[in-house]
Amino acid sequence: MAMNDNYSEATSESTCHVVTPFNMGKFHLSHRVVLAPMTRCRALNGIPNEAHVLYYTQRSTEGGFLITEGTHISPTAGGFPQCPGIYTEEQVEGWRKVVDAVHAKGAIIFCQLWHVGRASHPVYQPGWAAPISSTNKPISKRWSVLMPDASHAEYPAPRALLSSEIQEVVEHYRQAACNAIRAGFDGVEIHGAHGYLIDQFLKDGINDRTDEYGGSLANRCKFLMEVVYAVVSSIGAERVAVRISPAIDHIDATDTSPLALGLAVVERLNKLQEELGCKLTYLHVTQPRFIAREERGRQGIEEEDAQLMRKLRRAYQGPFMSSGGYTRELGTDAVARGEADLVAYGRLFISNPDLVKRFKINAPLNKYDRTTFYTHDPVVGYTDYPFLSEESGSNMPYACL
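The sections below set out a description of the structure shown in this document. All chains use their own residue numbering, which begins from 1 and follows the written sequence. Per-residue local features of the predicted model are confined to residues with pLDDT of at least 70, and side-chain atom pairs are confined, for both listing and counting, to 80 or more; whole-chain, interface and lining totals are unaffected and use all residues. To get the side-chain values, take all heavy atoms of the structure and skip hydrogens and water.

### Some remarks on the packing of aromatic side chains
At step 1: Pairing of aromatic rings covers Phe, Tyr and Trp, the last counted by its six-membered ring, and requires centre-to-centre distances within 6.5 Å; plane angles under 30 degrees mean stacked, over 60 mean edge-to-face, and any other angle means tilted. One pass over the full model with this rule turns up 16 aromatic pairs.
At step 2: Between Phe65 and Phe110 the ring centres are 5.1 Å apart and the planes differ by 85°, which places this aromatic pair in the edge-to-face class. Of this pair, Phe65 sits in strand β4 (residues 65-72) while Phe110 sits in strand β5 (residues 108-114), and the two are 45 residues apart along the sequence. Grouping residues by exposure puts Phe65 and Phe110 together as buried.
At step 3: A ring has a charge above it when a Lys NZ or an Arg CZ is no more than 6 Å from the ring centre and no more than 35 degrees off the ring normal. Between the NZ or CZ atom of Lys222 and the centre of the ring of Tyr213, over which it lies, the distance is 4.9 Å. By the criteria applied, helices consist of DSSP H or I runs no shorter than four residues and strands consist of E runs no shorter than two, each listed in order from the N terminus. Burial here depends on accessible area, computed with a 1.4 Å probe over protein chains only, as a share of the maximum for the residue type. Under 20% is buried, over 50% is exposed, and the range in between is partly exposed.

### Regarding the pattern of salt bridges
Working definition: two side chains of opposite charge can pair if their charged atoms are close together.
At step 1: Salt bridge, as applied in this entry: a Lys or Arg side-chain nitrogen positioned within 4 Å of an Asp or Glu carboxyl oxygen. Within this structure, the stated rule accounts for 13 salt bridges.
At step 2: Residue Asp255 pairs with Arg220 through a salt bridge whose shortest N-O separation is 3.1 Å. Highlighted residues: Asp255 in the loop between β11 (240-244) and α7 (258-276) and Arg220 in helix α6 (residues 217-235), separated in sequence by 35 residues. Summarising the burial analysis for this pair, Asp255 and Arg220 share the class buried.
At step 3: For Glu339, the salt bridge is made with Arg337, and the minimal N-O distance between the two is 3.0 Å.

### Side note on the environment of Ile181
At step 1: You can see Ile181 is positioned in helix α4 (residues 166-182).
At step 2: The spatial distance from the C-alpha of Ile181 to the C-alpha of Gln82 is 23 Å, given a sequence separation of 99 residues.

### What to know about the environment of Ile206
At step 1: With respect to the helices and strands, the residue Ile206 is situated in the loop between α5 (197-202) and α6.
At step 2: Here Ile206 falls in the buried class, since its relative accessible area comes to 0%.
At step 3: Not counting residues within four places of it along the chain, the set of residues in contact with Ile206 comprises Arg118, Ser134, Thr135, Lys137, Gln200, Asp252, Ala253 and Thr254. Here, two residues are considered to be in contact whenever any of their heavy atoms come within 4.5 Å of each other.

### Concerning the nonpolar core
At step 1: Here, nonpolar core means buried Ala, Val, Leu, Ile, Met, Phe, Trp, Tyr and Cys residues that are tied together by side-chain atoms lying within 4.5 Å of each other. With 87 residues, the main nonpolar core has Tyr173, Phe223 and Tyr345 as its most contacted residues.
At step 2: Residue contributions to this core peak at 10 residues, all from α6.

### Considering empty space enclosed by the protein
At step 1: Of the grid points, spaced at 1 Å and generated over the protein atoms alone, those admitting a 1.4 Å probe that cannot get out make up cavities, while open sets with protein on both sides within 12 Å along at least five of seven lines make up pockets; any residue with an atom within 4 Å of a point is treated as lining. Grid points are joined across faces, edges and corners, and a volume is the space filled by probe spheres set on the points. Across all of its chains, the model carries 1 cavity of 30 Å³ or more by this definition.
At step 2: Considering only enclosed or pocket space, the largest cavity measures out at about 40 Å³ in volume.
At step 3: Where the lining of the largest cavity is concerned, the elements lending two or more residues are β3 (33-35) and β4.
At step 4: Here the lining of the largest cavity is built from residues that sort into 6 nonpolar, 4 polar and 1 charged. Three residue categories are used. Nonpolar comprises Ala, Val, Leu, Ile, Met, Phe, Trp, Tyr, Cys and Pro, charged comprises Asp, Glu, Lys and Arg, and polar comprises the others, including Gly.

Pasting the structure below:
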């Protein structure tokens, strides 16, 4: 793929709002194109390695912002093969090498703290135990779990956490955040989205508890807020972000009133910020693009989704990040209309390590290969996508971007 002689960096950048600077709290970003957190299954034995160093530095730019793949907070947190953790010293040291390399490029990087909850299998659990959750209900057969041998299996029935056990999980989040700061990360993103553990407490389609963590909206928000309070108290609000997805039904994560749920979370985060006298780094909300198959044809659904995002954006008192199927044009429009301060890109960043440069000059994009998203090869589909300099035959070093 040769570079198109017709695109102009000066013209493109002046109209591409997603590559304009933004102050994200104490972090001064040179653009708003964020590397989204994406599971990539390359951490053999759960430890980040040299392939991670290359992958993240390839996607680093001066003043750019990256979020790591979901990173396990404890031995019970996993549900995919070969994903990294942040709960052992060896994992902390592995991440430190990644962070140091990213910082050397002038970029900022947060660690996404992840517990999959019931979206797991005994093969990933200590002692072949049942996965933990808010509920004993398994994920339906519509979905399947990826096994270590690349086969798929049904999700098993989880074990609902006892009320007395929940504080131990909160502590795992807090300790993982402290470990991330020790590894050199600039902050953490608490993953409360996409049907994983925190979302299993938030959504009334999953949470069937009758204790203080179930039933009302206030009760269903309690676990998330306990995690946020614990992490903020240990590393500071300016280093903490939260991700939610109130309208997404991934792995059966449904709610009868997504907007009410999203606003309830926003209200509590705003209150926390007011109490602290400072803001969280950002709120990250995933666009509701993963709606149930039978809902896809419903008239007006796209406008409903857009209204939900706008209402959450208007309600939240702080930097707002959005992700989910954005293109250069959609991201630019979202920023221009004030619907997002930051836009996280996933698949486009996988296949275009120099995505920011391509957006600036409106260059063609490499196509991604879905079949390599979750393999364990440290090169193919991970660090071998070409830069524009390689495609055009130029020897210009894109490390200086």
